[in-house]
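One letter stands for each residue in the lines below.
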Amino acid sequence: MDRVISIVGHTALDYIVDVEKIAGKNESSPVIGYEEYPGGGAANIAVAISKLGGKSRLISPVGTDFASSGYEKILTEAHVDLSRLYRLENQKISKAFIFTDTEDNQTTYFYWGASSKLKELEPEPVDFVHLATADCVYNAKIAQIAGFVSFDPGQDLVTYSKENLEIILDHTDILFANRHEIRRVSEITGKSFSELKSMIDIIVVTYDSEGSRIYTNEEEFIIPVVSVKAVDPTGAGDAYRAGFLLALTRGYSLSTCGEIGSTVASFAVQTQGCQTGLPTWEEMKARYETNFGKLEKSKNI
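Values in this document were obtained by computation on a predicted structure and should not be read as measured data.

## Some thoughts on the overall build of the chain
Here's step 1: The number of helices and strands found in the chain is nine helices and 14 strands.
Here's step 2: At 18 Å, the chain has a C-alpha radius of gyration in line with the 19 Å of a compact globule built from 301 residues.
Here's step 3: Along the longest, intermediate and shortest principal axes, the C-alpha atoms of the chain span 50 × 40 × 40 Å.
Here's step 4: Among the 301 residues that make up the chain, the fraction classed as buried is 55%.
Here's step 5: Contacts in the chain between residues far apart in sequence, at least 24 positions, make up 62% of those at least 6 positions apart.
Here's step 6: Taken as a whole, the chain presents about 13600 Å² of accessible surface, with 47% of it coming from carbon and sulfur.
Here's step 7: Charge centroids of the chain, computed over 29 positive and 42 negative side chains, lie 2 Å from each other.

Encoded structure:
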């Protein structure tokens, strides 16, 4: 039976805007097109895990427009457990405004809305939790009472205090970051990458088109991307984490977890929107085996 994976973070509406270039200060840039999609890193991961056949539980604050926006229906139909949602009065659902240029560079503006109240809320204990982009105070609280902690500070890393970041890292079993974020974690904590590896069992660093690398204190695994025609890169990281975490709870080796994550991400980038083109486990498995060979669990797992 699958382990329940709780995901902490944002439930948001994404406004994805395609522009010719990312405008600088006092500049403008033509908008090629825009769409509204369900998003928020935590919700994206929860939906992806559920679509893959896993059990996901979303821990997230939502506003009074959660139902009227249609988002509650989307998550319910995706079979995401919503029993731990914080439903807040006089708040609006979070919103992300994501600008992507023709070279896939991105700039994001985020309206926290209901998520701004997360730091005031008290978490309940959980078995296995993934801390997605969210308030650092709440993440520090729940990290200390969770059985297993996966942590991805993401773009919210700029809001983290050194104290809360260190508390979370002290309880982290898996750290996800891109190349820029891992450097920033080192700068905030004053710890070298070697020191981070010695204190965290697994560190996964993504390198955009170059794939990802999985580090333990003794080993390093290089994971390539699964090449597809990419339409929208926005949800790739969330899809990768969903595939990786579900595979980990199902007993696959670290390298296979990374390959499954890469495979799930390849589906996400093929369509506009973070939750639009997510695969089932069988769909993921077929593409996985085309790119990596037969999907098997290691004998020592």
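## Digging into the packing of aromatic side chains
Here's step 1: Overall, the coordinates contain twelve aromatic pairs when judged by the stated rule.
Here's step 2: Relative to W281, the ring of Y252 lies with its centre 6.0 Å away and its plane at 40 degrees, an arrangement referred to as tilted. Here the residue Y252 occupies a position in the loop between α7 (236-249) and α8 (254-268), and W281 occupies one in helix α9 (residues 281-292), the gap between them amounting to 29 residues.
Here's step 3: Among the aromatic residues, those joined into a ring-pair cluster are F176, Y240 and F244.
Here's step 4: Seen from the ring of Y207, R213 lies directly overhead, with NZ or CZ sitting 6.0 Å from the centre.
Here's step 5: A cation over an aromatic ring shows up here: R287 above the ring of F267, its NZ or CZ 3.7 Å from the ring centre.

## What to know about the side chain of T263
Here's step 1: Position of T263 relative to the elements: it lies in helix α8.
Here's step 2: Its relative accessible area of 0% is what places T263 among the buried residues.
Here's step 3: At 2.7 Å, the side chain of T263 forms a polar contact with the backbone oxygen of E259.
Here's step 4: Not counting the four nearest positions on each side in its chain, T263 is found in contact with V226, M284, R287, Y288 and F292.

## What to know about helix α1 (residues 41-51)
Here's step 1: With ten of eleven residues buried, α1 lies mostly within the body of the structure.
Here's step 2: Turning to α1, its buried residues number three or more, namely G41, A42, A43, N44, I45, A46, V47, A48, I49 and S50.
Here's step 3: With its phi angle positive at about 100 degrees, G53 sits one or two positions after the end of α1.

## Details of the nonpolar core
Here's step 1: Residues L58, L75, F244 and I260 are the most contacted members of the largest nonpolar core, which totals 51 residues.
Here's step 2: For this core, the elements supplying multiple residues, two or more each, are β1 (4-8), α1, α2 (71-77), β11 (174-178), β12 (202-206), α7, α8 and α9.
Here's step 3: Broken down by element, this core gets its largest block of residues, eight residues, from α7.
Here's step 4: Setting aside residues no more than four positions away along its own chain, I260 makes contact with G243, A247, Y252, W281, M284, Y288 and L295.
Here's step 5: By size, the runner-up hydrophobic cluster in this structure holds 35 residues, among which are I59, F151, I182 and I203.

## A closer look at the sheet that holds strand β7 (residues 94-100)
Here's step 1: The mixed open sheet is built from four strands, whose spatial order is β3-β2-β7-β8. With one partner strand each, in any of the chains shown, β3 (31-39) and β8 (106-111) form the two edges of the open sheet. Strand-to-strand, the axes of this sheet are offset by a mean angle of 15 degrees, without reference to chain direction.
Here's step 2: The pairing of β7 with β8 spans six bridges and is antiparallel. Each bridged residue has a counterpart across the sheet, and for I98 the counterpart in β8 is T108.

Thresholds applied
Residues numbered from 1 in each chain as written. Predicted model: local features only at pLDDT ≥ 70, side-chain atom pairs only at ≥ 80, totals over all residues. Heavy atoms only, no water. Helix = DSSP H or I, 4+ residues; strand = E, 2+ residues; numbered from the N terminus. Rg over C-alpha atoms; globule rule 2.2 N^0.38 Å. Buried < 20%, exposed > 50% of the residue type's maximum accessible area, 1.4 Å probe, protein only. Contact = heavy atoms within 4.5 Å. Areas by Shrake-Rupley, 256 points an atom, 1.4 Å probe, with all protein chains shown as cover. Lys, Arg positive; Asp, Glu negative; His and termini not counted. Charge placed at Lys NZ, Arg CZ, Asp CG, Glu CD. Phe/Tyr/Trp six-rings, centres within 6.5 Å; stacked < 30°, edge-to-face > 60°. Lys NZ or Arg CZ within 6 Å of the ring centre and 35° of its normal. Polar contact = N/O pair within 3.5 Å; in protein donor to acceptor, adjacent residues only side chain to side chain. Core = buried A, V, L, I, M, F, W, Y, C linked by side-chain atoms within 4.5 Å. Pairing = 2+ DSSP bridges. Axes fitted to C-alpha atoms, helices over the stretch in contact; angles between N-to-C directions.

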